Amino acid sequence: MAKTENSHIPMIGAEVFIEPGQSPEEIDIWFQQLQKNGMKITRIRMFESYMHKADGSWDFSLFDTAFRAGEKYDIKIYANLFPATDFTDVGGFKFPKSEANLGQISNYIQHLVPHFKQYASLYGWVPINEPGSGVLPEDEYSLKSFEDWKAREIKELYNSQGFTILDFRKEKFLLYYNTWFLSWLTQEIHLYDPGARIHVNNHAIFQHAAEYDFPQWRSFLSSLGGSAHASWHFGYFSRHKYAVAMSANSEILRSGAGPLPWLMTELQGGNNIYSAFNPLCPTPEEIAQWLWITIGSGSKGSIFWCLNPRRSGFEAGEWGMLDYLNEPSCRMRAASEVINVINEHADFFSEAKVAESGIHILYTRESLWIEQALQVKSDSTEPGRDIGGVMKSALAWFEAITEMGVSPGFREIGEFDFTRKDYTGEVIILAQQISIPSRYWTALEHFVERGGHLIAEGLTAYYDENAFALMGKDFPFQKLFGGLIKEFILKDRLFEIEVEGHTHIAHLWYGIIHPLTGRAIAVDGEEVLALRNTFGQGKVLWIPSLIGLGSRITDNYHSLVLLLNRELGHILDKQVFRFSKQQPGLLMKTLQNGKDYLSILINKSQESQDISIQGGENLKPILWYANKNGTVASSDQIQINREETLLIRWMSYSD
Amino acid sequence: MAKTENSHIPMIGAEVFIEPGQSPEEIDIWFQQLQKNGMKITRIRMFESYMHKADGSWDFSLFDTAFRAGEKYDIKIYANLFPATDFTDVGGFKFPKSEANLGQISNYIQHLVPHFKQYASLYGWVPINEPGSGVLPEDEYSLKSFEDWKAREIKELYNSQGFTILDFRKEKFLLYYNTWFLSWLTQEIHLYDPGARIHVNNHAIFQHAAEYDFPQWRSFLSSLGGSAHASWHFGYFSRHKYAVAMSANSEILRSGAGPLPWLMTELQGGNNIYSAFNPLCPTPEEIAQWLWITIGSGSKGSIFWCLNPRRSGFEAGEWGMLDYLNEPSCRMRAASEVINVINEHADFFSEAKVAESGIHILYTRESLWIEQALQVKSDSTEPGRDIGGVMKSALAWFEAITEMGVSPGFREIGEFDFTRKDYTGEVIILAQQISIPSRYWTALEHFVERGGHLIAEGLTAYYDENAFALMGKDFPFQKLFGGLIKEFILKDRLFEIEVEGHTHIAHLWYGIIHPLTGRAIAVDGEEVLALRNTFGQGKVLWIPSLIGLGSRITDNYHSLVLLLNRELGHILDKQVFRFSKQQPGLLMKTLQNGKDYLSILINKSQESQDISIQGGENLKPILWYANKNGTVASSDQIQINREETLLIRWMSYSD
Amino acid sequence: MAKTENSHIPMIGAEVFIEPGQSPEEIDIWFQQLQKNGMKITRIRMFESYMHKADGSWDFSLFDTAFRAGEKYDIKIYANLFPATDFTDVGGFKFPKSEANLGQISNYIQHLVPHFKQYASLYGWVPINEPGSGVLPEDEYSLKSFEDWKAREIKELYNSQGFTILDFRKEKFLLYYNTWFLSWLTQEIHLYDPGARIHVNNHAIFQHAAEYDFPQWRSFLSSLGGSAHASWHFGYFSRHKYAVAMSANSEILRSGAGPLPWLMTELQGGNNIYSAFNPLCPTPEEIAQWLWITIGSGSKGSIFWCLNPRRSGFEAGEWGMLDYLNEPSCRMRAASEVINVINEHADFFSEAKVAESGIHILYTRESLWIEQALQVKSDSTEPGRDIGGVMKSALAWFEAITEMGVSPGFREIGEFDFTRKDYTGEVIILAQQISIPSRYWTALEHFVERGGHLIAEGLTAYYDENAFALMGKDFPFQKLFGGLIKEFILKDRLFEIEVEGHTHIAHLWYGIIHPLTGRAIAVDGEEVLALRNTFGQGKVLWIPSLIGLGSRITDNYHSLVLLLNRELGHILDKQVFRFSKQQPGLLMKTLQNGKDYLSILINKSQESQDISIQGGENLKPILWYANKNGTVASSDQIQINREETLLIRWMSYSD
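As the structure is a computational prediction, the values presented were derived from the model and not from experiment.

1. Here we look at unusual backbone geometry
For the bond running from A:Trp305 to A:Cys306, omega is 5°, close enough to zero to count as cis. Within the element layout of this structure, A:Cys306 appears in the loop between strand 8 (301-305) and helix 11 (330-344). Phi angles above zero are rare outside glycine, and A:Glu130 is one such case at about 50°. Mapping A:Glu130 onto the fold places it in the loop between strand 4 (122-126) and helix 4 (140-152). The backbone phi angle of C:Gln161 is positive, close to 60°, even though this residue is not glycine. Here C:Gln161 shows up in the loop between helix 4 (140-152) and helix 5 (169-192).

This is how it looks when you write it as structure tokens:
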């Protein structure tokens, strides 16, 4: 077993990029700069290409210099495996290319690990940089592994009522294969460094989520990580939404990690020129926002990509936290100020946990698989039926709740604990989750039966896990939802739908309900468009239209927030803190250490805002951090400027 | 020979989709619903994959259930061959993949046909679903057939004046190959079911027209069909033009069928989600419009795709006329109302024919081939020189004439009868038909010589059939057109051109004419831009600029209608009925049964309209159908609401 | 050695397209038309396919007819090699496909050259039409040549400070390979026609510039040429900028030619329909502009593509200067008028040279290679980081200086003469030249040291030739530029930057400077954004932001012109002529014959303009040519209409 630790302050760091051509003096400066700026951790790509000589001998000297500098300046190092690959391979290996290549990787580990485990600066190992490739590679080893797996695989019992079904074995295998390879690498590492920390950073989570089986990974990981680069990974968001994107990304990782700690392994540290999809340079304010959001989402640390940029080829001179003169950039200084606050309140942060909201936005892997499988090549683009529709729908609800000052969880359905006895005060939101696999049908019933609250939106439960349409008289959710769907009808790109007297903007389709036990709450002529249903101790709200995506496209969550206020009164009342009213563009995260609370507020709106926080009425707000001159007089007198982050520690007036 | 019948009312139906997993009870309900809603016909895909077991044995039981239900509820069934193919192959086979595969298909027919011909419910066979693949497939059998064909093919005598020419043998072979395979399948079916009805549905007609040799098909078909799905096939049109698109599609089929009856084999019946290029759900009004347009274009029936949607994979739960509870949707009810009207007036509809307008919009297959062959990959897009320019130009004139309340024919030039002695009262429109094959040069002269009227527009006759430019002193149409082209000049994306005092909007190029016998009717400085010419007993109007496409791009046919009014006075006066003035967005089709007339009016404009119909002055209008409360007091007092369809039966006041 | 000549008037002509099917009479007419319209030269594609019979025999008769007609009408012919290729291969061969193909080409030359060298009408040979293919072809011969070259290639001494580097051997090989093949073809031609003139026309220069090694070509060429077709090659420009595009294209060729004469081998002569990327037909005014611009850039002639269009397949009936009746088009007549003016002043034009401005806009081949190599596939498009950003930045400065009435040089850095002793009065502009190869580092220092003036803009010198980032403490230009870059920061798509009190619009990034010896001239808070530095006898202006591209995107060069006025006072004062103030949309070229000067003015603005020319105060302007009724009273009373070209010959008042 690998070590896992939860009891330490979040460790902030930046990746030192090591490559031949660098001088020992320069490497020394980089570690010195990490220390000077309060950073405690780094990650290094252990390029086999720069160690393994043509004659088969190994020369670790370049990397030894770095590990010794780590010891000298007390910087912990995550060593990232990087078996030999082409210079133009920016991201590195994802899978073995052949049996021989698997042997080469094993041999590389056999030489690498025993050598570097000697260093006190070695903190742990990262077996792969950014696993997840989107598709099953066509190489010999992968295809053979797929064949072997198919031969082994036990036929599933559930067969979609006898109907012929699409084949999702490639997707399922890829899920398994990532897990298998990470596990194999961990075992190889542990052969030479038993119990060493193992950390893995997934990436492009909104696109690749369906490829990661986090619960399975927990068995060999010490901590889960992720890469969240705005330039590469936040294509579903505009720039002023990068903060909420970071929040959602963090929540997915927090859920994936489960009981394990998690870190944001890569955060964009600097300017990109030719690399990445969108060019940008983070502002110091964004650096602070991203750090506090990950911390506010319970991370035990963040590492910027990168401290010093590589010098040659792709990314040359890009992404750095140091400038070209090896001096701290304004971004580095911003990170350093955050670190100072953490250190100042180390007692609080070392044991702080996320104050759970009880709100769970779930996505299902199979929804993403099916959405992709059913794509038709076409010029027309409609967010709701293109790739991304499923994830963006879930994000819409996440964004709406964020504007309420509440931080919902965001997780794959398989990461939700359906075994509890009581779900009072918990809500699950299934927004446009087109596939609900059969293994969760009774689980969802149990959740509601035992007091849980369920919101089902859009085409949720349209398919089972095999792209078999569940619509019809045998709809498995009819008891739970309180009705059946008669038809889905495409109305328009955007159209109005009235629910309980409030107008929502919906996208593409609306569902017409045949009510059974449910109570109609939206009616158009003779058509029932939404239901409330009670089931056991719990309740269900069913709106089979894309009101989330409609809100997201029009960038207006007003109606959705009103709906959530009506619907989730009991759960909202249980929140320790939340905004007194909807605050578009604002974001609040709450950390808890025993009975002590810290609120992290970020203002991404276009203007300075005056905020009132419900829950803080009888508490004394202490400002721990404000980077744009914001002020706090009381819970209803909080002034936060554009792009600012505030940290408010709530004390009782008697303290 | 296969049976052909013209003397029956149009049969409306919907396709029953049969697949394993369905229960006999459900299959029974579907046929019952067909009957309840007045439907008389269905089509079923006879999936070999669901009959032919792994051990080589055949199990027809699933389909037997359907055929028995057909007998029970008196529903006629078109059995559609569907040899074994992948589950993800939505459209099915187009060509044999290999010699072995051809044998497998033969074997499949040998088992299938004798079994199902026993059922009284069997109406006929559809050898292929939607032949036409756009390109010659690269499989072994097709390539070998191509080589054999090239070896056999007799060299054409006409050789473009000795110039080197592009090779269009692939296009010509594909034309032949589709015909050959359909014929071969028919023979195979007739081996076991001699004289059985044979029906084939082409598809995406505006894109694939050049691939179909309808006159050749007539030798083995009982009736011609087509698939006209707005979501898949109407990409050249915006939604409010789908009615006129359906009209043009129908006219192409009517022409292709010649003396045979024709049916619209597939009409979109319901909502699509992930499938097809554009998402939409037909409104009940559109369902009625499409049915009446096909009927008004002389079809003997229409079958919706589909009654019950497939349950799994591509199209799962999509396209259905029944809702998920197997109840009729509003679309089904709309179709049922149409059926009631047909039944009520069965005597009229069973022998009704299209009242011919004498206006023939012709396209040439070679224009489509050449347009495609000469494309250069480019970011810039100009409708006139991109793929679609030829067809859209012809459609522009179709749309303009439609606004006059007249329904022109739309046909491939090879489908026009050039052997008649007198063409008085007939007009041919060649709009941007860039290639006029040499075999039609004297035919067109004969047409005009014998009293026909010709309108040549745009770059018509720029090329011969081999992409050889006909421009020059030896221009073969100089006598007919009354002049020669000096130059084509690109002026602008859109520009004005004045013809007889009226301003037209043209697109891209204008032609400068060197007049011979023709009379200039458009002059710009010293440049002659249009001619009228008389030739024998007939006349020619030649406007070598793209005024059709210019009108279509600006969505304004005002000038074109004025021109047609001036030009075609004699032909317009011969129309039984037409609008008293231009009616943008309206459409009128006229059916004739002996001396009895029926007008079908559809309002696709944004507002309710008051219509006056020329030709009905002394007739008593009887309203047979109005689905939005439209009214008719007299021929000049017709009120038709948005999206409405009206049927007006014209009676003499003495009746 | 091939013949070279500089002492003749510019020869204007048009390409006669010869193909089977044409009659001797028609060929005769074409040459007659050339003569009638004053044209003296043509080019003919010597299609092997139309000479080399299936039985191996050769039949030159079709082309003999043309060469005899050339003799008859005194038209000189460039014979363009065109070895056998497919009919659809519009541009012709670029490289041998195989060893056997190389042998076939040699055999073709062996038959072709001895036969046609007998004609007095033969002027010279064009070994390849439009060399330059963008990428190394994947055929057998090219790949083998690449391997041989790699084996031969001596490792470069400069190794980017020991860092791993990207592999640009394909790009380097392609540069070599084009040169080698042209040289080989020349040798083959000279075997049978020793000393014959050799001419080559590159094409798409703004895209393919990095593929051409003009200085190496000089060893076997008699003259350099180019194809500059607006429809195919001017995609970086909108139509009203085609004149300045032609000017820049011409300057690149003039620089490439060095001491050799140059011709514009292909100019678009007529309308295109399906061929080329953008459809257009040149106006007579554009024909005149293009001719005078090339002449004003020192060309010894221009040949239009084409006199008579090919008749069949791609380009059939397109591009011609004659109309379809073989009569001169208005474009031909415009060219003829230009020829008359040249003939009238033959004494001046035969020895006229470009009046050098001393302003040199340089691009580096490696900047283009690296820009391409570092592209990431992405939907987002930013001109500054997409392909074209390097070239468009250089063009921005070219366009700005053009508005000053000055004609800068435009050349690859390797074409600049760095060996001189004194560069007083010379300025080099490096705009967004991201790569400065190490072999030019000291050369640039010498240039400035010896009195040269350097402007470095954008990310110039970001990389060395291996895509190694030069940013850092060891920045090789720190002494020359007077500082180092601390960071490049992406600010916005467009943003303001103030330099010496004037606001510029910059694109994407701004560079923050750490000044050493330089004097800050743009400061934002504590950040230094631009420097002036003196180095030896010269000066450097360094603005590491994309103010050129920012100006080009917003189509406003006002601030850039102001900056150039301040910066280049001494150089501007040395200009013989220039506009008294900025003239957006206008262009002036100056030719010099000894002490005699001719100014060519073109007005591409939307309105008639009144112009004042500095330098002509004491000179008498004589109007040699004005094609839209422009007038000249004195140097400050010049009236030029829209689209007009004026030729002003400056005489002393005492003449």
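2. Details of the pattern of salt bridges
In total, this model carries 86 salt bridges over all chains according to the counting rule given. Between A:Glu147 and A:Lys150 there is a salt bridge, with the nearest N and O atoms lying 3.2 Å from each other. Linking A:Glu147 with A:Lys150, this pair stays in helix 4, spanning three residues, or about one helical turn. We note a salt bridge from C:Glu15 to C:Arg43, for which the minimum N-O separation is 2.8 Å. You can see C:Glu15 sitting in the loop between strand 1 (11-14) and helix 1 (24-36) and its partner C:Arg43 sitting in strand 2 (residues 41-47), a full 28 residues away along the chain. C:Arg43 gets classed as buried once you look at its relative accessible area, which sits at 0%. Three or more residues are tied together by salt bridges with common partners; here these are A:Lys241, A:Glu399, A:Arg552 and A:Asp555.

3. Some words on empty space enclosed by the protein
Empty space among the atoms becomes visible once a probe the size of a water molecule is rolled across them. Residues and elements named next belong to chain C. Counted according to the given criterion, the structure contains 14 cavities of 30 Å³ or more. Around the largest cavity sit 15 residues that line it, and Ala355, Ser407, Gln575, Phe577 and Thr590 are the ones nearest its centre. Sorting elements by how many residues they give to the lining of the largest cavity places strand 21 (residues 586-593) first, with three residues.

4. Focus: the relation of the copies chain A and chain C
Note on the identical chains: chain A maps onto chain C by a rotation of 120° and an axial translation of 0.1 Å, with an RMSD of 0.1 Å. A rotation of that kind, with that shift, is consistent with a three-fold axis. Measuring from the rotation axis to each C-alpha of chain A, the shortest distance belongs to A:Asp379, at 8.1 Å.

5. Things to note about the sheet that holds strand 26 (residues 631-634) of chain B
All names here are of chain B. Read across the sheet, three strands follow the order 23-27-26 without closing on themselves; strand pairing throughout is antiparallel. Sheet topology places strand 23 (609-611) and strand 26 at the edges, where each strand pairs with a single neighbour. Averaged over neighbouring strand pairs, the angle between their axes works out to 20° when direction is ignored. Pairing analysis gives three bridges linking strand 26 to strand 27 (residues 637-640), with the strands arranged antiparallel. Pairing of serine 634 across the sheet is with glutamine 637, part of strand 27.

6. Re the packing of helix 4 of chain C against helix 5 of chain C
All names here are of chain C. Between helix 4 and helix 5, the least distance of the axes is 10 Å, while the angle of their chain directions is 110°. The pairing of helix 4 with helix 5 is recorded here as roughly perpendicular in orientation. Taking contact as the criterion, the partners of Tyr141, Ser142, Ser145, Phe146, Trp149, Lys150 and Arg152 in helix 4 are, on helix 5, Arg169, Lys170, Lys172, Phe173, Tyr176, Tyr177 and Trp180. Taken together, the residues that form the contact of helix 4 with helix 5 break down as seven nonpolar, two polar and five charged.

7. A closer look at the packing of aromatic side chains
Residue and element names in this part refer to chain B. Taken as a whole and assessed by the stated rule, the structure comprises 175 aromatic pairs over all chains. Each ring, one from phenylalanine 146 and one from phenylalanine 173, has its centre 5.1 Å from the other, and the planes form 35°; the classification is tilted. Of the two residues, phenylalanine 146 is situated in helix 4 (residues 140-152) and phenylalanine 173 in helix 5 (residues 169-192); the sequence distance between them amounts to 27 residues. On the basis of relative accessibility, which here comes to 6%, the residue phenylalanine 146 falls in the buried class. On the basis of an interplanar angle of 20° and a centroid distance of 5.9 Å, the ring pair of phenylalanine 475 and tryptophan 542 is categorised as stacked. Placement of phenylalanine 475 in the loop between strand 13 (453-457) and helix 16 (478-481) and of tryptophan 542 in strand 18 (residues 538-543) is noted, with a sequence separation of 67 residues between them.

8. A few points about the interface of chain A and chain C
Taken together, the contacts link 32 residues of chain A with 40 residues of chain C. Contact between chain A and chain C buries roughly 3,000 Å² in total, counting both sides, with carbon and sulfur atoms accounting for 59%. For chain A, the biggest contributors to the area lost against chain C are A:Tyr274, A:Arg311 and A:Tyr324; these three give 31% of the whole. Linking chain A with chain C are two salt bridges, by the criterion used here. One salt bridge in this structure joins A:Arg331 and C:Glu487, with 2.4 Å as the shortest N-O distance. Applying the counting rule to chain A against chain C returns 19 residue pairs in polar contact (both at pLDDT 80 or more). The residue inventory of the side of chain A that touches chain C, partitioned by class, reads 15 nonpolar, 12 polar and five charged.

9. Considering the layout of surface pockets
All names here are of chain B. Approximately 1,400 Å³ is the volume found for the largest pocket. Gly134, Ala204, Gln207, His208 and Phe277 are, among the 45 residues lining the largest pocket, the residues nearest its centre. Its residues assigned to classes, the lining of the largest pocket comprises 16 nonpolar, 16 polar and 13 charged.

10. Observations concerning the interface of chain B and chain C
Contact residues are listed per partner, giving 40 residues for chain B and 32 residues for chain C. Broken down residue by residue, the surface that chain B buries against chain C is led by B:Phe163, B:Thr164 and B:Arg385, which jointly contribute 22%. There are two salt bridges connecting chain B and chain C. Across the chain B-chain C interface, the total number found is 20 residue pairs in polar contact (both at pLDDT 80 or more). For the side of chain B that touches chain C, the secondary structure elements donating two or more residues are helix 13 (365-373), strand 14 (483-499) and strand 15 (502-515) of chain B.

11. With respect to the pairing of strand 16 (residues 519-524) of chain B
All names here are of chain B. Inspection of the sheet shows strand 16 paired to strand 17 (residues 527-535) by five bridges, in the antiparallel sense. Paired with alanine 520 across the bridge in strand 17 is leucine 531. Between strand 16 and strand 17, which pair antiparallel in sequence order, lie two residues; one of them, glycine 525, sits at a positive phi of approximately 60°.

12. A closer look at the packing of helix 13 (residues 365-373) of chain A against helix 14 (residues 389-402) of chain A
Residues and elements named next belong to chain A. Contact pair helix 13 / helix 14: the axes reach a minimum separation of 8 Å and the direction vectors enclose 135°. By the angle between their axes, helix 13 is oblique relative to helix 14. Here Ser367, Leu368 and Glu371 of helix 13 lie close against helix 14, whose contacting residues are Gly389, Val390 and Met391. Residue composition of the contact of helix 13 with helix 14, by class: three nonpolar, two polar and one charged.

13. A short note on the environment of A:His229
Residue and element names in this part refer to chain A. On the secondary structure map, histidine 229 appears in the loop between strand 6 (223-228) and helix 8 (230-233). For histidine 229 and asparagine 107, which are 122 residues apart along the polypeptide, the C-alpha to C-alpha distance reads 32 Å. Once residues lying within four places of it in the same chain are set aside, the contact partners of histidine 229 are Glu130, Phe234, Glu266, Leu267, Gln268, Trp305 and Trp319.

14. Quick word on helix 17 (residues 547-554) of chain C
All names here are of chain C. Burial analysis of helix 17 places six of its eight residues in the buried class, the great majority of the element. Within helix 17 the residues assigned to the buried category are Ile547, Gly548, Leu549, Gly550, Ser551 and Arg552. Aspartate 555 sits one or two positions beyond helix 17 and adopts a positive phi of about 55°.

15. Some points on the environment of A:Gly538
Residue and element names in this part refer to chain A. Relative to the helices and strands, glycine 538 resides in strand 18 (residues 538-543). Since its relative accessible area comes to 3%, glycine 538 is described here as buried. When the C-alpha positions of glycine 538 and glutamate 266 are compared, they lie 40 Å apart, and in sequence the two are 272 residues distant. Setting aside its immediate chain neighbours within four residues, glycine 538 contacts Val448, Glu449, Gly451, Gly452 and Asn533.

Reading the values: the criteria
Residues numbered from 1 in each chain as written. Chains lettered and ligands numbered in written order. Predicted model: local features only at pLDDT ≥ 70, side-chain atom pairs only at ≥ 80, totals over all residues. Heavy atoms only, no water. Helix = DSSP H or I, 4+ residues; strand = E, 2+ residues; numbered from the N terminus. Salt bridge = Lys/Arg side-chain N within 4 Å of Asp/Glu carboxyl O. Buried < 20%, exposed > 50% of the residue type's maximum accessible area, 1.4 Å probe, protein only. 1 Å grid on protein atoms, 1.4 Å probe; cavity = no way out; pocket = protein on both sides within 12 Å on 5 of 7 lines; lining within 4 Å. Points joined across faces, edges and corners; volume = space filled by probe spheres on them. Least-squares fit on C-alpha atoms with pLDDT ≥ 70 in both. Pairing = 2+ DSSP bridges. Axes fitted to C-alpha atoms, helices over the stretch in contact; angles between N-to-C directions. Parallel < 35°, antiparallel > 145°, perpendicular 65-115°, else oblique. Contact = heavy atoms within 4.5 Å. Nonpolar A, V, L, I, M, F, W, Y, C, P; charged D, E, K, R; others polar. Phe/Tyr/Trp six-rings, centres within 6.5 Å; stacked < 30°, edge-to-face > 60°. Buried area = accessible area lost by both parts, 1.4 Å probe. Polar contact = N/O pair within 3.5 Å; in protein donor to acceptor, adjacent residues only side chain to side chain.

Just geometry here; none of it tells us what the structure is for.
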